[in-house]
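# Architecture at a glance
Residues per chain, in single letters:
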Amino acid sequence: MNLTQIWQAALGAIQLQTSRQDYETWLRGTTLLALDGGLATVGTTSTFHKEGLENRFMAPVRRSLGDVVGYPVQVRVVIANGTANRIENYGPLLELASNSEESESSDRAVQLDLSSAMRTGMLNPKYTFSRFIVGSSNRLAHAACLAVADNPGQHYNPLFLYGGVGLGKTHLLHAIGNYVLDRDPEINVLYVSSEKFTNDMINAIRRQQTEEFRMRYRNIDVLLVDDIQFIAGKEGTQEEFFHTFNTLHSAAKHIVISSDKPPKAIPTLEERLRSRFEWGLIADIQPPDLETRTAILRTKGEQMNVEIPNEVIDFLAHKVQSNIRELEGSLNRVAAFAEQHGLPINVEVATSALADLLGSARRRRITPDQVILAVSEHFGVDLRILQGRGRSRNIVVPRQVAMYLLREETECSLVDIGKLLGGRDHTTVMYGCDKISEEINTDNRLRNEVLSIRERLYNQAA
Ligand SMILES: Nc1ncnc2c1ncn2[C@@H]1O[C@H](COP(=O)(O)OP(=O)(O)OP(=O)(O)O)[C@@H](O)[C@H]1O
(Lines give C-alpha, C1' and ligand atoms only; values in the text may rest on other atoms or scores of the structure.)
Protein backbone atom coordinates (compact mmCIF):
# COMPACT_ATOMS: atom_id res chain seq x y z
CA MET A 1 0.00 0.00 0.00
CA ASN A 2 1.22 3.51 -0.70
CA LEU A 3 0.86 6.38 1.79
CA THR A 4 -2.47 7.55 0.36
CA GLN A 5 -3.96 4.07 0.62
CA ILE A 6 -2.69 3.58 4.17
CA TRP A 7 -4.14 6.93 5.22
CA GLN A 8 -7.47 6.27 3.51
CA ALA A 9 -7.77 2.98 5.38
CA ALA A 10 -6.84 4.63 8.70
CA LEU A 11 -9.25 7.51 8.11
CA GLY A 12 -12.01 5.05 7.31
CA ALA A 13 -11.52 3.45 10.71
CA ILE A 14 -11.32 6.82 12.50
CA GLN A 15 -14.49 7.98 10.75
CA LEU A 16 -16.36 5.17 12.45
CA GLN A 17 -15.31 6.34 15.89
CA THR A 18 -16.00 10.07 15.53
CA SER A 19 -19.04 12.24 14.90
CA ARG A 20 -19.55 13.56 11.39
CA GLN A 21 -18.86 17.13 12.49
CA ASP A 22 -15.56 16.23 14.16
CA TYR A 23 -14.50 14.19 11.17
CA GLU A 24 -15.30 16.98 8.71
CA THR A 25 -13.62 19.64 10.85
CA TRP A 26 -10.46 17.92 11.96
CA LEU A 27 -9.70 14.94 9.78
CA ARG A 28 -11.05 15.30 6.26
CA GLY A 29 -8.37 17.65 4.94
CA THR A 30 -5.38 15.71 6.33
CA THR A 31 -2.77 13.58 4.54
CA LEU A 32 -0.14 11.09 5.50
CA LEU A 33 3.10 12.71 4.38
CA ALA A 34 5.61 10.12 5.57
CA LEU A 35 5.89 6.86 7.45
CA ASP A 36 9.41 6.22 8.49
CA GLY A 37 10.68 3.72 11.08
CA GLY A 38 7.41 3.73 13.02
CA LEU A 39 7.02 7.53 12.88
CA ALA A 40 4.06 8.80 10.88
CA THR A 41 3.95 12.44 9.73
CA VAL A 42 0.42 13.73 9.23
CA GLY A 43 -0.16 17.01 7.39
CA THR A 44 -2.98 19.38 8.19
CA THR A 45 -3.83 22.89 7.02
CA SER A 46 -3.37 25.30 9.96
CA THR A 47 -2.07 25.73 13.49
CA PHE A 48 -5.65 25.59 14.64
CA HIS A 49 -6.19 22.19 13.02
CA LYS A 50 -2.82 20.94 14.20
CA GLU A 51 -3.69 21.75 17.82
CA GLY A 52 -7.14 20.23 17.47
CA LEU A 53 -5.69 16.99 16.09
CA GLU A 54 -2.97 16.83 18.73
CA ASN A 55 -5.31 17.54 21.61
CA ARG A 56 -8.19 15.30 20.64
CA PHE A 57 -7.38 12.70 18.04
CA MET A 58 -3.91 11.33 18.68
CA ALA A 59 -5.15 8.12 20.28
CA PRO A 60 -7.54 7.07 17.47
CA VAL A 61 -5.01 8.15 14.81
CA ARG A 62 -2.24 6.09 16.40
CA ARG A 63 -4.51 3.11 16.91
CA SER A 64 -5.98 3.11 13.42
CA LEU A 65 -2.66 3.62 11.68
CA GLY A 66 -1.12 0.86 13.79
CA ASP A 67 -3.96 -1.49 12.83
CA VAL A 68 -3.49 -0.75 9.14
CA VAL A 69 0.30 -1.18 9.01
CA GLY A 70 0.45 -3.95 11.58
CA TYR A 71 2.98 -2.40 13.97
CA PRO A 72 2.81 0.40 16.58
CA VAL A 73 3.41 3.92 15.26
CA GLN A 74 4.13 7.29 16.79
CA VAL A 75 2.45 10.25 15.14
CA ARG A 76 3.52 13.84 14.61
CA VAL A 77 1.38 16.52 13.02
CA VAL A 78 2.76 19.23 10.76
CA ILE A 79 1.22 22.08 8.82
CA ALA A 80 1.30 21.38 5.10
CA ASN A 81 -0.67 23.56 2.75
CA GLY A 82 -2.89 22.16 0.05
CA THR A 83 -3.49 18.84 1.75
CA ALA A 84 -7.12 18.44 0.87
CA ASN A 85 -7.41 16.04 -2.08
CA ARG A 86 -10.32 17.86 -3.60
CA ILE A 87 -8.27 21.02 -3.78
CA GLU A 88 -5.12 19.38 -5.12
CA ASN A 89 -6.99 18.65 -8.33
CA TYR A 90 -7.17 22.36 -8.99
CA GLY A 91 -3.50 23.25 -8.82
CA PRO A 92 -3.56 26.12 -11.33
CA LEU A 93 -6.52 27.73 -9.61
CA LEU A 94 -4.88 27.51 -6.23
CA GLU A 95 -1.71 29.08 -7.49
CA LEU A 96 -3.77 32.05 -8.53
CA ALA A 97 -5.65 32.14 -5.27
CA SER A 98 -2.55 32.06 -3.15
CA ASN A 99 -0.89 34.65 -5.31
CA SER A 100 -3.57 37.22 -4.71
CA GLU A 101 -1.46 40.11 -3.41
CA GLU A 102 -2.15 41.94 -6.60
CA SER A 103 -5.85 41.53 -6.12
CA GLU A 104 -5.60 42.86 -2.57
CA SER A 105 -3.93 46.06 -3.59
CA SER A 106 -6.36 46.59 -6.41
CA ASP A 107 -9.23 45.86 -4.03
CA ARG A 108 -7.99 48.61 -1.78
CA ALA A 109 -8.01 50.89 -4.74
CA VAL A 110 -11.60 49.95 -5.40
CA GLN A 111 -12.51 50.80 -1.84
CA LEU A 112 -10.80 54.17 -1.98
CA ASP A 113 -12.07 55.08 -5.40
CA LEU A 114 -15.79 54.55 -5.22
CA SER A 115 -16.23 56.10 -8.63
CA SER A 116 -15.83 52.80 -10.44
CA ALA A 117 -18.71 51.36 -8.44
CA MET A 118 -20.77 54.45 -9.10
CA ARG A 119 -20.05 54.09 -12.79
CA THR A 120 -21.48 50.59 -12.94
CA GLY A 121 -24.29 51.74 -10.68
CA MET A 122 -24.73 48.36 -9.08
CA LEU A 123 -21.55 46.82 -7.73
CA ASN A 124 -21.06 46.96 -3.98
CA PRO A 125 -17.52 48.33 -3.50
CA LYS A 126 -17.20 46.41 -0.23
CA TYR A 127 -17.65 43.04 -1.91
CA THR A 128 -14.05 42.51 -2.99
CA PHE A 129 -11.68 39.56 -3.00
CA SER A 130 -9.63 41.05 -0.18
CA ARG A 131 -12.70 41.16 2.06
CA PHE A 132 -13.59 37.58 1.28
CA ILE A 133 -12.27 35.07 3.80
CA VAL A 134 -11.16 31.85 2.17
CA GLY A 135 -11.52 28.46 3.85
CA SER A 136 -12.01 24.87 2.79
CA SER A 137 -15.73 25.49 2.20
CA ASN A 138 -15.27 28.15 -0.47
CA ARG A 139 -11.68 27.73 -1.68
CA LEU A 140 -12.51 26.34 -5.08
CA ALA A 141 -15.23 28.93 -5.76
CA HIS A 142 -12.93 31.76 -4.71
CA ALA A 143 -10.03 30.49 -6.82
CA ALA A 144 -12.26 30.04 -9.85
CA CYS A 145 -13.67 33.56 -9.50
CA LEU A 146 -10.19 35.00 -9.21
CA ALA A 147 -9.10 33.10 -12.31
CA VAL A 148 -12.07 34.49 -14.24
CA ALA A 149 -11.47 38.03 -13.00
CA ASP A 150 -7.84 37.75 -14.00
CA ASN A 151 -8.57 36.62 -17.55
CA PRO A 152 -12.19 37.15 -18.50
CA GLY A 153 -13.33 35.14 -21.49
CA GLN A 154 -10.55 32.59 -21.13
CA HIS A 155 -11.15 29.67 -18.78
CA TYR A 156 -14.19 28.33 -16.95
CA ASN A 157 -16.83 29.88 -19.16
CA PRO A 158 -19.48 29.84 -17.89
CA LEU A 159 -18.53 29.68 -14.24
CA PHE A 160 -21.46 28.34 -12.25
CA LEU A 161 -21.38 28.96 -8.47
CA TYR A 162 -23.88 27.32 -6.21
CA GLY A 163 -24.46 27.12 -2.46
CA GLY A 164 -26.93 27.73 0.35
CA VAL A 165 -28.32 31.02 1.60
CA GLY A 166 -25.91 33.68 2.81
CA LEU A 167 -22.68 31.88 1.92
CA GLY A 168 -21.05 34.52 -0.26
CA LYS A 169 -22.24 33.94 -3.84
CA THR A 170 -23.28 37.55 -4.39
CA HIS A 171 -20.09 38.74 -2.71
CA LEU A 172 -17.97 36.74 -5.17
CA LEU A 173 -19.92 37.93 -8.24
CA HIS A 174 -19.38 41.54 -7.18
CA ALA A 175 -15.74 40.83 -6.40
CA ILE A 176 -15.20 39.69 -10.00
CA GLY A 177 -16.85 42.86 -11.28
CA ASN A 178 -14.89 45.15 -8.98
CA TYR A 179 -11.60 43.48 -9.83
CA VAL A 180 -12.18 43.57 -13.59
CA LEU A 181 -13.25 47.22 -13.56
CA ASP A 182 -10.41 48.23 -11.35
CA ARG A 183 -7.96 46.89 -13.89
CA ASP A 184 -9.75 48.17 -16.93
CA PRO A 185 -12.59 50.67 -16.50
CA GLU A 186 -13.47 50.29 -20.18
CA ILE A 187 -14.63 46.71 -19.78
CA ASN A 188 -18.38 46.38 -19.92
CA VAL A 189 -19.43 44.57 -16.72
CA LEU A 190 -23.02 43.92 -15.75
CA TYR A 191 -24.24 42.42 -12.50
CA VAL A 192 -27.89 41.44 -12.61
CA SER A 193 -30.22 39.16 -10.68
CA SER A 194 -32.25 36.76 -12.81
CA GLU A 195 -35.34 38.55 -11.51
CA LYS A 196 -34.07 41.86 -12.85
CA PHE A 197 -33.27 40.21 -16.18
CA THR A 198 -36.87 38.93 -16.29
CA ASN A 199 -38.34 42.32 -15.38
CA ASP A 200 -36.16 44.15 -17.90
CA MET A 201 -37.30 41.75 -20.57
CA ILE A 202 -40.99 42.10 -19.68
CA ASN A 203 -40.71 45.89 -19.64
CA ALA A 204 -38.90 45.88 -22.96
CA ILE A 205 -41.64 43.79 -24.54
CA ARG A 206 -44.32 46.06 -23.07
CA ARG A 207 -42.61 49.19 -24.38
CA GLN A 208 -41.68 47.58 -27.67
CA GLN A 209 -37.99 48.05 -26.93
CA THR A 210 -36.79 44.49 -27.33
CA GLU A 211 -34.02 45.51 -29.73
CA GLU A 212 -32.57 47.90 -27.11
CA PHE A 213 -32.90 45.20 -24.47
CA ARG A 214 -30.97 42.74 -26.66
CA MET A 215 -28.32 45.30 -27.53
CA ARG A 216 -27.82 46.03 -23.87
CA TYR A 217 -27.46 42.44 -22.74
CA ARG A 218 -25.56 41.15 -25.74
CA ASN A 219 -22.86 43.81 -25.70
CA ILE A 220 -21.44 42.92 -22.35
CA ASP A 221 -17.92 41.65 -21.70
CA VAL A 222 -18.57 40.12 -18.30
CA LEU A 223 -22.13 39.18 -17.36
CA LEU A 224 -22.71 38.29 -13.69
CA VAL A 225 -26.11 36.71 -13.12
CA ASP A 226 -27.24 36.13 -9.53
CA ASP A 227 -29.85 33.61 -8.35
CA ILE A 228 -30.47 31.97 -11.72
CA GLN A 229 -32.82 29.46 -10.04
CA PHE A 230 -35.61 32.02 -10.31
CA ILE A 231 -35.56 31.66 -14.08
CA ALA A 232 -36.93 28.13 -13.72
CA GLY A 233 -40.42 27.69 -15.07
CA LYS A 234 -40.35 31.03 -16.94
CA GLU A 235 -40.27 29.90 -20.54
CA GLY A 236 -40.01 33.30 -22.22
CA THR A 237 -37.16 34.40 -19.96
CA GLN A 238 -35.31 31.14 -20.49
CA GLU A 239 -35.64 31.53 -24.24
CA GLU A 240 -34.25 35.08 -24.12
CA PHE A 241 -31.48 34.13 -21.74
CA PHE A 242 -30.55 31.21 -23.96
CA HIS A 243 -29.92 33.59 -26.89
CA THR A 244 -28.08 36.09 -24.68
CA PHE A 245 -25.92 33.26 -23.41
CA ASN A 246 -25.13 31.98 -26.90
CA THR A 247 -24.27 35.40 -28.27
CA LEU A 248 -21.93 36.22 -25.39
CA HIS A 249 -20.33 32.81 -25.19
CA SER A 250 -19.59 32.56 -28.88
CA ALA A 251 -17.97 36.02 -28.73
CA ALA A 252 -15.71 34.79 -25.85
CA LYS A 253 -17.42 37.07 -23.35
CA HIS A 254 -17.57 35.76 -19.83
CA ILE A 255 -20.70 34.59 -18.04
CA VAL A 256 -20.74 33.88 -14.31
CA ILE A 257 -23.90 32.48 -12.80
CA SER A 258 -24.94 31.84 -9.21
CA SER A 259 -27.67 29.60 -7.90
CA ASP A 260 -28.80 27.94 -4.70
CA LYS A 261 -28.40 24.52 -6.31
CA PRO A 262 -26.43 22.85 -9.12
CA PRO A 263 -27.89 22.98 -12.68
CA LYS A 264 -29.08 19.37 -12.47
CA ALA A 265 -31.17 20.11 -9.40
CA ILE A 266 -32.95 23.22 -10.71
CA PRO A 267 -36.47 22.05 -11.45
CA THR A 268 -38.06 23.00 -14.80
CA LEU A 269 -34.85 24.40 -16.21
CA GLU A 270 -34.75 23.78 -19.94
CA GLU A 271 -32.34 21.04 -20.93
CA ARG A 272 -30.48 23.24 -23.43
CA LEU A 273 -29.75 25.81 -20.69
CA ARG A 274 -28.83 23.16 -18.16
CA SER A 275 -26.31 21.63 -20.52
CA ARG A 276 -24.81 25.04 -21.29
CA PHE A 277 -24.45 25.81 -17.58
CA GLU A 278 -22.39 22.65 -17.34
CA TRP A 279 -19.99 23.58 -20.15
CA GLY A 280 -17.53 25.44 -17.96
CA LEU A 281 -16.77 24.96 -14.28
CA ILE A 282 -19.31 24.28 -11.54
CA ALA A 283 -18.03 25.27 -8.11
CA ASP A 284 -19.90 24.83 -4.86
CA ILE A 285 -19.77 26.87 -1.68
CA GLN A 286 -20.39 24.91 1.48
CA PRO A 287 -21.24 26.29 4.93
CA PRO A 288 -18.02 27.57 6.52
CA ASP A 289 -16.02 25.46 8.94
CA LEU A 290 -15.22 26.69 12.44
CA GLU A 291 -11.86 28.12 11.45
CA THR A 292 -13.39 30.18 8.64
CA ARG A 293 -16.24 31.40 10.84
CA THR A 294 -13.70 32.51 13.42
CA ALA A 295 -11.64 34.34 10.79
CA ILE A 296 -14.75 36.05 9.38
CA LEU A 297 -15.78 37.28 12.83
CA ARG A 298 -12.29 38.56 13.59
CA THR A 299 -12.10 40.45 10.32
CA LYS A 300 -15.60 41.91 10.65
CA GLY A 301 -14.76 43.06 14.19
CA GLU A 302 -11.68 44.85 12.86
CA GLN A 303 -13.67 46.41 10.05
CA MET A 304 -16.22 47.68 12.59
CA ASN A 305 -13.36 49.00 14.68
CA VAL A 306 -14.68 47.20 17.74
CA GLU A 307 -12.53 45.01 19.91
CA ILE A 308 -14.17 41.61 20.24
CA PRO A 309 -12.60 39.33 22.88
CA ASN A 310 -11.52 35.90 21.65
CA GLU A 311 -13.97 34.05 23.88
CA VAL A 312 -16.88 36.01 22.34
CA ILE A 313 -15.64 35.22 18.83
CA ASP A 314 -15.37 31.59 19.80
CA PHE A 315 -18.84 31.66 21.34
CA LEU A 316 -20.44 33.16 18.20
CA ALA A 317 -18.53 30.90 15.83
CA HIS A 318 -19.93 27.88 17.67
CA LYS A 319 -23.47 29.20 17.84
CA VAL A 320 -24.01 30.33 14.24
CA GLN A 321 -22.86 27.63 11.87
CA SER A 322 -24.58 27.62 8.54
CA ASN A 323 -25.06 31.17 7.26
CA ILE A 324 -22.45 33.93 7.03
CA ARG A 325 -25.08 36.65 6.81
CA GLU A 326 -26.44 35.47 10.17
CA LEU A 327 -22.93 35.24 11.55
CA GLU A 328 -22.29 38.88 10.67
CA GLY A 329 -25.73 39.82 11.96
CA SER A 330 -25.06 38.20 15.32
CA LEU A 331 -21.81 40.10 15.70
CA ASN A 332 -23.52 43.40 14.83
CA ARG A 333 -26.25 42.64 17.30
CA VAL A 334 -23.86 41.90 20.15
CA ALA A 335 -21.86 45.09 19.48
CA ALA A 336 -25.00 47.22 19.25
CA PHE A 337 -26.51 45.67 22.40
CA ALA A 338 -23.33 46.30 24.40
CA GLU A 339 -23.13 49.90 23.22
CA GLN A 340 -26.80 50.58 23.84
CA HIS A 341 -26.60 49.33 27.43
CA GLY A 342 -23.12 50.68 28.14
CA LEU A 343 -21.78 47.15 28.77
CA PRO A 344 -18.47 45.50 27.91
CA ILE A 345 -18.54 42.87 25.18
CA ASN A 346 -18.31 39.49 26.88
CA VAL A 347 -19.97 36.08 26.62
CA GLU A 348 -22.67 37.00 29.13
CA VAL A 349 -23.65 40.10 27.17
CA ALA A 350 -23.52 38.13 23.92
CA THR A 351 -25.85 35.50 25.43
CA SER A 352 -28.39 38.19 26.35
CA ALA A 353 -28.10 39.92 22.97
CA LEU A 354 -28.75 36.67 21.13
CA ALA A 355 -31.30 35.12 23.48
CA ASP A 356 -33.81 34.27 20.74
CA LEU A 357 -31.17 32.91 18.39
CA LEU A 358 -29.70 30.69 21.10
CA GLY A 359 -33.20 29.42 21.82
CA SER A 360 -33.29 28.07 18.30
CA ALA A 361 -29.82 26.57 18.62
CA ARG A 362 -30.90 24.71 21.76
CA ARG A 363 -33.60 23.11 19.68
CA ARG A 364 -30.91 21.23 17.87
CA ARG A 365 -30.17 19.01 20.85
CA ILE A 366 -31.95 16.03 19.47
CA THR A 367 -31.64 12.50 20.81
CA PRO A 368 -31.33 9.35 18.64
CA ASP A 369 -34.61 8.02 20.07
CA GLN A 370 -36.44 11.16 18.95
CA VAL A 371 -35.08 10.77 15.42
CA ILE A 372 -36.13 7.14 15.16
CA LEU A 373 -39.58 7.87 16.56
CA ALA A 374 -40.11 10.84 14.22
CA VAL A 375 -39.13 8.76 11.17
CA SER A 376 -41.35 5.90 12.26
CA GLU A 377 -44.36 8.21 12.74
CA HIS A 378 -43.75 10.13 9.53
CA PHE A 379 -43.65 7.02 7.34
CA GLY A 380 -46.14 5.07 9.41
CA VAL A 381 -43.63 2.27 9.97
CA ASP A 382 -43.68 0.36 13.22
CA LEU A 383 -40.67 1.09 15.44
CA ARG A 384 -39.82 -2.58 15.81
CA ILE A 385 -39.81 -3.01 12.06
CA LEU A 386 -37.72 0.12 11.50
CA GLN A 387 -35.18 -1.14 14.03
CA GLY A 388 -35.40 -4.75 12.97
CA ARG A 389 -33.56 -6.93 10.47
CA GLY A 390 -36.29 -7.03 7.77
CA ARG A 391 -35.37 -5.71 4.31
CA SER A 392 -38.67 -5.31 2.52
CA ARG A 393 -38.72 -2.46 0.03
CA ASN A 394 -41.13 -0.20 1.90
CA ILE A 395 -38.82 -0.20 4.93
CA VAL A 396 -35.56 0.49 3.15
CA VAL A 397 -36.12 4.20 2.42
CA PRO A 398 -37.47 5.11 5.89
CA ARG A 399 -34.55 3.27 7.44
CA GLN A 400 -32.05 5.09 5.21
CA VAL A 401 -33.71 8.39 6.10
CA ALA A 402 -33.29 7.49 9.78
CA MET A 403 -29.59 6.73 9.16
CA TYR A 404 -29.13 10.05 7.39
CA LEU A 405 -30.90 12.09 10.09
CA LEU A 406 -29.08 10.32 12.90
CA ARG A 407 -25.80 11.19 11.19
CA GLU A 408 -26.81 14.80 10.54
CA GLU A 409 -28.69 15.70 13.69
CA THR A 410 -27.05 13.72 16.47
CA GLU A 411 -23.55 12.92 17.60
CA CYS A 412 -23.94 9.23 16.72
CA SER A 413 -21.10 7.52 14.87
CA LEU A 414 -21.75 5.13 11.97
CA VAL A 415 -21.24 2.19 14.29
CA ASP A 416 -23.75 3.60 16.84
CA ILE A 417 -26.31 4.11 14.07
CA GLY A 418 -25.81 0.57 12.83
CA LYS A 419 -26.49 -0.76 16.34
CA LEU A 420 -29.66 1.35 16.70
CA LEU A 421 -31.06 0.14 13.38
CA GLY A 422 -31.03 -3.62 13.59
CA GLY A 423 -27.31 -4.27 14.20
CA ARG A 424 -26.25 -3.21 10.73
CA ASP A 425 -22.73 -2.94 9.46
CA HIS A 426 -21.16 0.57 9.29
CA THR A 427 -20.75 0.28 5.50
CA THR A 428 -24.50 -0.27 5.13
CA VAL A 429 -25.08 2.84 7.25
CA MET A 430 -22.59 4.87 5.22
CA TYR A 431 -24.23 3.74 1.99
CA GLY A 432 -27.68 4.71 3.33
CA CYS A 433 -26.51 8.16 4.48
CA ASP A 434 -24.76 8.89 1.17
CA LYS A 435 -27.74 7.72 -0.85
CA ILE A 436 -30.21 9.98 0.94
CA SER A 437 -27.82 12.91 0.97
CA GLU A 438 -27.47 12.63 -2.84
CA GLU A 439 -31.09 11.95 -3.60
CA ILE A 440 -32.47 14.92 -1.67
CA ASN A 441 -30.67 17.16 -4.17
CA THR A 442 -32.75 15.93 -7.04
CA ASP A 443 -35.81 14.27 -5.58
CA ASN A 444 -38.16 17.01 -4.38
CA ARG A 445 -40.52 14.63 -2.68
CA LEU A 446 -37.80 12.98 -0.63
CA ARG A 447 -36.28 16.37 0.23
CA ASN A 448 -39.63 17.59 1.52
CA GLU A 449 -40.10 14.43 3.58
CA VAL A 450 -36.69 14.87 5.18
CA LEU A 451 -37.36 18.58 5.79
CA SER A 452 -40.68 17.89 7.39
CA ILE A 453 -39.21 15.27 9.75
CA ARG A 454 -36.48 17.75 10.63
CA GLU A 455 -39.05 20.43 11.34
CA ARG A 456 -40.98 18.05 13.55
CA LEU A 457 -37.77 17.25 15.48
CA TYR A 458 -36.85 20.91 15.92
CA ASN A 459 -40.36 21.77 17.08
CA GLN A 460 -40.44 18.91 19.55
CA ALA A 461 -37.11 19.83 21.07
CA ALA A 462 -37.91 23.58 21.22
N1 LIG B 1 -16.10 34.15 2.86
C2 LIG B 1 -16.61 35.32 3.28
N3 LIG B 1 -15.82 36.25 3.84
C4 LIG B 1 -16.33 37.41 4.28
N5 LIG B 1 -17.63 37.75 4.20
C6 LIG B 1 -18.45 36.86 3.64
C7 LIG B 1 -18.00 35.62 3.15
N8 LIG B 1 -19.03 34.94 2.64
C9 LIG B 1 -20.10 35.72 2.80
N10 LIG B 1 -19.77 36.88 3.40
C11 LIG B 1 -20.67 37.97 3.77
O12 LIG B 1 -21.91 37.38 4.16
C13 LIG B 1 -22.99 38.14 3.68
C14 LIG B 1 -23.90 37.28 2.82
O15 LIG B 1 -23.21 36.95 1.60
P16 LIG B 1 -23.91 36.96 0.17
O17 LIG B 1 -25.00 37.96 0.12
O18 LIG B 1 -22.84 37.04 -0.85
O19 LIG B 1 -24.55 35.49 0.20
P20 LIG B 1 -25.35 34.73 -0.93
O21 LIG B 1 -24.74 33.37 -1.00
O22 LIG B 1 -25.40 35.51 -2.18
O23 LIG B 1 -26.78 34.65 -0.26
P24 LIG B 1 -28.24 34.48 -0.93
O25 LIG B 1 -28.36 33.03 -1.23
O26 LIG B 1 -29.16 34.91 0.18
O27 LIG B 1 -28.29 35.34 -2.14
C28 LIG B 1 -22.40 39.32 2.92
O29 LIG B 1 -22.33 40.44 3.77
C30 LIG B 1 -20.99 38.86 2.58
O31 LIG B 1 -20.07 39.93 2.49
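All values reported here derive from a predicted model rather than from experimental measurement.

Per-chain confidence: the chain averages 83 in pLDDT, with 88% of residues scoring 70 or above. No element of the chain has a lower mean pLDDT than helix α5 (residues 85-88), which averages 26, and none a higher one than strand β7 (residues 254-259), which averages 96. Low pLDDT, under 50, characterises residues 82-121; the stretch is placed with 60 contacts to residues that sit more than four places away or in other chains. Across the whole predicted complex the pTM is 0.59, and at the interface the ipTM reaches 0.99.

Scanning the model with the defined rule gives 18 salt bridges in all. Here Lys 50 and Glu 54 are joined by a salt bridge, their closest N and O atoms 3.0 Å apart. A residue pair is termed a helical-turn pair when its members lie 3 or 4 positions apart in one helix, as Lys 50 and Glu 54 do in helix α3 (residues 47-56) at four residues. Taking relative accessible area as the criterion, Lys 50 reaches 22% and is therefore assigned partly exposed. Classification of Glu 54 as partly exposed rests on a relative accessible area of 33%. Salt-bridge contacts for Lys 253 lead to Asp 221; the nearest nitrogen and oxygen are separated by 3.1 Å. Taken together, the positions of Lys 253 in the loop between α13 (235-250) and β7 and Asp 221 in the loop between α12 (210-218) and β6 (222-226) put the pair 32 residues apart, joining distant regions of the chain. On the basis of relative accessible area, Lys 253 is assigned to the partly exposed category, the value being 26%. What makes Asp 221 partly exposed here is its relative accessible area of 23%.

Bringing the pairing of strand β2 (residues 39-44) into the picture now. Walk down a regular strand and you will see the side chains alternate between the two sheet faces. Within β2, five of the six residues are buried, which leaves it mostly tucked inside the rest of the structure. Here five bridges tie strand β1 (residues 31-36) to β2, and the two strands are oriented antiparallel to one another. Bridged to Asp 36 within β2 is Leu 39. Hairpin connection between β1 and β2: a loop of two residues separates the two successive antiparallel strands, and Gly 37 in this loop has a positive phi of roughly 55°. Pairing of β2 with strand β3 (residues 74-79), which is carried by six bridges, proceeds in the parallel orientation. Its bridge partner being in β3, Val 42 is matched across the sheet by Val 77.

Cut-offs and rules
- Residues numbered from 1 in each chain as written.
- Predicted model: local features only at pLDDT ≥ 70, side-chain atom pairs only at ≥ 80, totals over all residues.
- Heavy atoms only, no water.
- pLDDT = per-residue confidence, 0-100.
- Helix = DSSP H or I, 4+ residues; strand = E, 2+ residues; numbered from the N terminus.
- Contact = heavy atoms within 4.5 Å.
- Salt bridge = Lys/Arg side-chain N within 4 Å of Asp/Glu carboxyl O.
- Buried < 20%, exposed > 50% of the residue type's maximum accessible area, 1.4 Å probe, protein only.
- Pairing = 2+ DSSP bridges.

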